[in-house]
Amino acid sequence: MILVTGGAGFIGSNFVLDWLAQSDEKIVNLDKLTYAGNLQNLSSLTGDSRHYFVQGDIGDIQLVPQLLKQHQPRAIINLAAESHVDRSIHGPEDFIQTNILGTFRLLEAVRTYWNELETQEKQNFRFLHVSTDEVYGSLTLNEPAFTEEHPYQPNSPYSASKASSDHLVRAYHHTYKLPVLTTNCSNNYGPFQFPEKLIPLMIVNALTGKSLPVYGDGQQIRDWLYVTDHCSAIRRVLEAGIPGETYNIGGWNEKPNIDIVKMICDLLGETYPNSTFQNLITYVQDRPGHDRRYAIDAKKIERELNWRPAETFATGIRKTIQWYLNNQQWINNVQTGSYREWIEKNYTGIAQ
Ligand code: NAD
Ligand code: TYD
C-alpha cells in the first residue's frame with residue numbers, strides 16, 4: 001500500500017481518486033483537515049476498503065511512526081502543505097510549521113521506518129515529495145523556462161517554505177540515502193480546487209455576480225496544468241523516477257492572468273448567454289512581491305520518463321468550468337464562515 005499525505009486537499013483528493021480508479025493498491029490518507037481539506041471530495045469512496053482515512057498532522061511524532069509501523073507502506077506521496085501564497089503573506093507561521101517542520105518530522109519518521117525494512121523492501125521504497133515551480137522564483141518575459149538546474153530563488157513565505165522542504169528532502173537522500181523523488185509542478189486547476197485560487201475564485205465569483213479581482217495589471221504569467229495530468233506525472237515518477245532526482249512537471253501552457261479571466265467569462269457566457277461577466281473584472285491592488293512569470297521546461301520528464309500532459313488548456317478549462325457548474329452544493333458547502341472571513345481580509349474594499 002501507499003501513504004498519501006494531504007489527500008483531502010485539491011491535488012491530493014484528485015490523486016487518491018485517480019489512483020484507485022486505476023489500481024487496487026490500498027491508500028492510507030493522512031490529512032489534518034485544515035480549511036483546505038475536505039472529505040466531501042472523497043465521498044465517492046465511502047465504504048471502499050481500499051481507502052483508509054486518518055485525520056492527523058504530518059508533524060505528529062507519535063501518530064506518523066505508528067501509522068508506518070501498522071500499514072508498512074511501500075511509498076509515501078507527500079502532498080500535505082499550506083499552499084496559498086496570499087495566506088502566506090497574511091500569516092506565514094502555519095507555512096513554517098507544516099511545510100518546513102512538518103516535512104522534517106515526516107522525514108525523520110520515514111527514515112527510522114525505512115532503516116528497519118528488509119533489504120528488498122528498503123531498495124524498493126520511495127518517498128515522493130510534491131513541490132512547486134515557485135521555488136525557482138520569477139522569470140522575465142524573455143528568459144527560458146525553469147529547468148531542474150535553475151537556482152532556487154523563492155520570493156514568498158509560501159515558496160520559501162516549500163524550497164526549505166525540498167532542501168531537507170534532498171539532504172535526506174544525500175546524507176542518509178533515503179530513496180526520495182521530488183517533483184516541481186506548475187499551477188494546477190481542475191475539480192475540487194478551493195475557491196481562493198485564481199481559477200475557481202473567478203468561476204464562483206462570476207456565478208454569483210461578484211467582482212473578479214485581478215491583481216495589478218493582470219499581465220503576470222502562470223503555466224497551467226490540468227490536475228489529472230499532475231496526478232499521472234506523479235504516478236509515472238513514482239514508477240520510474242530515479243531516487244535523488246527531481247522532475248519538473250508543466251503544461252507547456254503559459255498564459256497571462258487577464259487572458260485566463262476573460263476566457264472563463266467567455267466560457268460561462270456559453271451557458272448564460274445574457275450575462276456580461278467581463279463587466280465584473282476589477283483591477284485591484286497588486287500582491288506584495290508578486291512573481292511576474294513562471295514557466296516550466298518539462299523536457300526531462302518527457303525524455304526520461306515518457307510523460308506528457310493529456311489535456312490542453314482548451315479542454316481542461318472546459319471540464320473545470322463544467323465541474324463547478326455541476327457542483328453548486330460543493331461550492332456552497334466550502335463557502336463557510338471562515339471562507340467569508342478570508343475573502344474580507346484579502347479583498348478589503350473591493351465590492352463583493
Ligand atoms: P491544498 O491546500 O488544496 O491541500 C493541502 C492539504 O494538506 C489539505 O487537505 C490540508 O488539510 C492538508 N494539510 C495541511 N497541513 C497539514 C498537516 N500539517 N498535516 C497533514 N495534512 C495537512 O493544496 P494543493 O493545491 O492540493 O497542493 C498539494 C501540494 O501540491 C502542496 O504541497 C503544494 O505545495 C503542491 N503544489 C500545488 C500546486 C497548485 O497549483 N495547487 C502546484 C504545484 C505544487
Ligand atoms: P494563485 O491561484 O493564488 O496561484 P499562485 O500565486 O500560486 O500562482 O494565483 C495565480 C495568479 O493569479 C497569480 O499571479 C495571482 C493572480 N490572482 C489574481 O489576480 N487575483 C486573485 O484574486 C487571485 C487569488 C490570484
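Predicted model only: the values in this text are computed from it and were never measured.

Overview of the nonpolar core
Soluble globular proteins tend to bury their nonpolar side chains together. Counting 39 residues, the largest nonpolar core has Ile199, Leu212, Ile264, Ile317 and Ile321 as its most contacted members. Of all elements in the fold, only α7 (198-207), β8 (212-215), α9 (257-271), β13 (281-284), α11 (313-326), α12 (328-334) and α13 (337-346) reach the threshold of two or more residues within this core. Sorting elements by how many residues they give to this core places α9 first, with 7 residues. In terms of nonpolar packing, the next biggest core, distinct from the first, is built from 33 residues, Leu20, Leu79, Leu225 and Val227 among them.

Re the site of ligand 2
Residues in close proximity to ligand 2 total 19 residues, the closest being Glu134, Arg222, Arg287, His290 and Tyr347. Side-chain polar atom of Asn187 to an oxygen atom of ligand 2: 2.9 Å apart, as the coordinates give it. In this structure, an oxygen atom belonging to ligand 2 sits 2.8 Å away from a side-chain N or O atom of Asn257. Alone, ligand 2 offers 510 Å² of accessible surface; in the complex the protein occludes 98% of this. No other element matches β8, which puts 3 residues into the shell around ligand 2. Class assignment for the residues of the shell around ligand 2 results in 8 nonpolar, 5 polar and 6 charged.

Re helix α2 (residues 63-71)
All of the buried residues in α2 are Leu63, Val64, Leu67, Leu68 and His71. Around the axis of α2, the buried residues are gathered within 130° of arc, so they sit on the same side. Among the residues trailing α2, Gln72 stands out with phi positive, at a value near 50°.

So, the packing of aromatic side chains
Enumeration over the complete set of coordinates arrives at 18 aromatic pairs. A ring pair is formed by Tyr136 and Phe146, whose centres lie 5.0 Å apart and whose planes are at 35°; its orientation type is tilted. On the criterion of sequence distance, the pair formed by Tyr136 in the loop between β5 (126-132) and α6 (157-176) and Phe146 in the loop between β5 and α6 is long-range, its members being 10 residues apart. The buried category is assigned to Phe146, whose relative accessible area is 0%. Through a chain of ring-to-ring contacts, three or more aromatic side chains come together here, namely Tyr189, Trp224, Tyr226 and Phe313. Taking the ring centre of Trp342 as reference, the NZ or CZ of Arg87 above it sits at 4.6 Å. One residue, Lys122, lies across the ring of Trp114, its end atom 4.7 Å from the ring centre.

What to know about the sheet that holds strand β6 (residues 180-185)
With parallel pairing, the 7 strands of this open sheet are ordered in space as β3-β2-β1-β4-β5-β6-β11. The open sheet terminates on both sides in strands that have one partner only, identified here as β3 (51-55) and β11 (246-249). Between one strand axis and the next, the sheet turns by 20° as a mean value, whatever way the strands run. Its contacts with the sheet put α6 on β5 and β6, and the angle it makes with β5 is roughly 155°. Against the sheet, helix α8 (residues 227-240) contacts β4 (75-78), β5, β6 and β11, and its axis sits at roughly 145° relative to β5.

A look at the pattern of salt bridges
Under the defined criterion, the tally for this structure stands at 17 salt bridges. Linking Glu108 and Arg111 is a salt bridge whose minimum nitrogen-to-oxygen distance equals 3.0 Å. Placement of the pair is Glu108 and Arg111 together in helix α4 (residues 93-115), with a separation of 3 residues, close to one helical turn. Through salt bridges that share partners, Asp24, Asp48 and Arg50 make up one connected network.

Describing the layout of surface pockets
The computed volume of the largest pocket comes to approximately 320 Å³. Lining the largest pocket are 18 residues, with Tyr152, Arg170, Gly244, Glu245 and Thr246 positioned closest to its centre. Among the elements of the structure, α6 and β6 are those that each provide at least two residues to the lining of the largest pocket. In the lining of the largest pocket, the residues fall into 4 nonpolar, 8 polar and 6 charged.

Thresholds applied
- Residues numbered from 1 in each chain as written.
- Chains lettered and ligands numbered in written order.
- Predicted model: local features only at pLDDT ≥ 70, side-chain atom pairs only at ≥ 80, totals over all residues.
- Heavy atoms only, no water.
- Core = buried A, V, L, I, M, F, W, Y, C linked by side-chain atoms within 4.5 Å.
- Buried < 20%, exposed > 50% of the residue type's maximum accessible area, 1.4 Å probe, protein only.
- Helix = DSSP H or I, 4+ residues; strand = E, 2+ residues; numbered from the N terminus.
- Near = heavy atom within 4 Å.
- Polar contact = N/O pair within 3.5 Å; in protein donor to acceptor, adjacent residues only side chain to side chain.
- Areas by Shrake-Rupley, 256 points an atom, 1.4 Å probe, with all protein chains shown as cover.
- Nonpolar A, V, L, I, M, F, W, Y, C, P; charged D, E, K, R; others polar.
- Arc of directions from axis to C-beta.
- Phe/Tyr/Trp six-rings, centres within 6.5 Å; stacked < 30°, edge-to-face > 60°.
- Lys NZ or Arg CZ within 6 Å of the ring centre and 35° of its normal.
- Pairing = 2+ DSSP bridges.
- Axes fitted to C-alpha atoms, helices over the stretch in contact; angles between N-to-C directions.
- Contact = heavy atoms within 4.5 Å.
- Salt bridge = Lys/Arg side-chain N within 4 Å of Asp/Glu carboxyl O.
- 1 Å grid on protein atoms, 1.4 Å probe; cavity = no way out; pocket = protein on both sides within 12 Å on 5 of 7 lines; lining within 4 Å.
- Points joined across faces, edges and corners; volume = space filled by probe spheres on them.

Purely spatial values, then, with no claim about function.
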